[in-house]
Amino acid sequence: QLQLVESGGGLVQPGGSLRLSCAGSGFTLDYYAIGWFRQAPGKEREGVACISSSGGSTYYADSVKGRFTISRDNAEIAVYLQMDSLKPEDTGVYYCAADWECSSVGVKYDNWGQGTQVTVSS
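What comes next concerns the included structure. (Residues numbered from 1 in each chain as written. Predicted model: local features only at pLDDT ≥ 70, side-chain atom pairs only at ≥ 80, totals over all residues. Heavy atoms only, no water.)

1. Concerning unusual backbone geometry
Although it is not a glycine, S85 adopts a positive phi angle of roughly 50 degrees. Take S85: its relative accessible area is 40%, and that puts it in the partly exposed class. Non-glycine residue K108 carries a positive phi angle of around 55 degrees. Mapping K108 onto the fold places it in the loop between β9 (92–99) and β10 (116–120). The exposed category is assigned to K108, whose relative accessible area is 83%. (Buried < 20%, exposed > 50% of the residue type's maximum accessible area, 1.4 Å probe, protein only. Helix = DSSP H or I, 4+ residues; strand = E, 2+ residues; numbered from the N terminus.)

See below:
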């Protein structure tokens, strides 16, 4: 019953920016921690960032710290991932996932959506 939709991906040059959006289909995200994941070609999916249900705590992979920012809007309609200073290694399909806590988000999760493609290339 929990369906998330990712959007905002695209093709950008190194050093560019994108803002990804994760939204629930027909429901708000008030009660959920939301995590962003990415999967590069030929590689396993990896966690990128997570925000707690309250928005009070955020977590980032070391590879994106200082460059990516995860946030919630005030109405809890969507969770965003602002990506700045993008690098070619950031290329991949980005997915979001929901769970009660960031510690478990994406674990044993089998409701992955289509994701949104991010390509960083010159």
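Read on for the rest.
2. Focus: the side chain of T91
Its place among the elements puts T91 in the loop between β8 (78–83) and β9. A polar atom in the side chain of T91 sits 2.9 Å from the backbone nitrogen of V120. Those residues in contact with T91, other than ones at most four positions away along the chain, are A40, P41, Q117, V118, T119 and V120. (Polar contact = N/O pair within 3.5 Å; in protein donor to acceptor, adjacent residues only side chain to side chain. Contact = heavy atoms within 4.5 Å.)

3. Observations regarding the pattern of salt bridges
Scanning the entire structure with this criterion turns up four salt bridges. One salt bridge connects E46 with R38, and the closest N-O pair in it is separated by 2.9 Å. Note that K65 is salt-bridged to D62, the shortest N-O span being 3.1 Å. (Salt bridge = Lys/Arg side-chain N within 4 Å of Asp/Glu carboxyl O.)

4. With respect to the environment of F27
Its place among the elements puts F27 in the loop between β3 (18–24) and β4 (33–39). For the pair formed by F27 and A78, sequence separation is 51 residues and the distance between their alpha carbons is 9.9 Å.

5. Observations concerning the pairing of β4
The element β4 is largely enclosed, with a buried count of six among its seven residues. Bridge count between β4 and strand β5 (residues 46–51): five bridges; the pairing is antiparallel. Pairing of W36 across the sheet is with A49, part of β5. In this antiparallel pair of consecutive strands, β4 and β5, the connection spans six residues, and G42 shows a positive phi of 75 degrees. (Pairing = 2+ DSSP bridges.)

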